[in-house]
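Observations on chain architecture
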Amino acid sequence: EKPMDQVKSSFADLEDVPWAKEAIGVLAARGVLQGVGGGYFAPNEPVKREEFLKMAVMMFGLLDETAAADFTDVSQSDWFYPYVATGVSLGVVNGVTEELFGSGQELTRQDLALLIYRFGNIANVAFEEEGEYILFDDDEQFTACGRTAVSALAKSGVVNGTGANLFLPLSSCTRAEAAKMLYEVDKLVIGK
């Protein structure tokens, strides 16, 4: 592991996400995430389903080269095939339909929380069960599974909403938000 001061991000576009700089720098140094080229990370761009799966699979060291996926929008020649296949074989992710994985679709904040929660449970993350969960004012927008996941992440200090006591579960999640949440969950892995 490089000392933190050497992880100063090589990306030129993180000025407006100071809260995510450290997370993005550490994850980039560990090979969990890449930029979009030209020295940029595009932190405020929405994270796509396949992009996040790669980040989570790499973060927790779960890549299964032998896993297979059978979606019409995921072919074996796609860069994201092994990550989607791993997510499916672990039971962490499904398609948006029986046939479609949903490649290129943006992840909502609720879906991201749910994926992180499921990956975390496989990766031996100790989520805080007892902490206080303050109901978000847009709580009615959660699915039951989403509420469980967000509650666990909130109690564990991984998520805290967007201000004004809103979680915005149906909004797109940005690349910076995804990196920050993964970084925070990784700190909770037992034995680290």
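Residues numbered from 1 in each chain as written. Predicted model: local features only at pLDDT ≥ 70, side-chain atom pairs only at ≥ 80, totals over all residues. Heavy atoms only, no water.

1. Looking at unusual backbone geometry
When glycine is set aside, most residues are seen to have a negative phi, and most peptide bonds are trans. Threshold: The helix count covers DSSP runs of H or I at least four residues long, the strand count covers runs of E at least two residues long, and both are numbered beginning at the N terminus. Partly exposed residues are those whose accessible area sits between 20% and 50% of the maximum for their type, while under 20% is buried and over 50% is exposed, using a 1.4 Å probe and protein chains only.
One non-glycine residue with positive phi stands out, namely Ala42, at about 55 degrees. Along the chain, Ala42 turns up in the loop between α1 (21-29) and α2 (49-59). Phi angles above zero are rare outside glycine, and Leu168 is one such case at about 55 degrees. Looking at where Leu168 falls in the secondary structure, it is placed in the loop between α5 (144-155) and α6 (175-186). On the basis of relative accessible area, Leu168 is assigned to the partly exposed category, the value being 31%.

2. Describing the confidence of the model for the protein
Rule in force here: The pLDDT value expresses, per residue, how confident the predictor is, ranging between 0 and 100. We call two residues in contact whenever any of their non-hydrogen atoms come within 4.5 Å of each other.
Mean pLDDT over the protein: 91, with 94% of residues reaching 70 or higher. Confidence, expressed as mean pLDDT per element, reaches its minimum in the protein at α5 with 93 and its maximum at helix α3 (residues 81-89) with 97. Here residues 1-8 is modelled with pLDDT under 50, and outside its nearest four sequence neighbours on either side it reaches seven contacts, counting other chains as well.

3. Some remarks on the nonpolar core
As a reminder of what qualifies: Joining through side-chain atoms within 4.5 Å is the link that ties buried Ala, Val, Leu, Ile, Met, Phe, Trp, Tyr and Cys residues into a set, and such a set is a nonpolar core.
One finds Ile24, Leu27, Phe52, Met55, Phe60, Leu112 and Leu182 to be the most contacted residues of the largest nonpolar core, which totals 63 residues. When residues no more than four places from it in sequence are discounted, the contact partners of Phe60 are Phe119, Ala123, Val125, Leu182, Val185, Asp186 and Val189.

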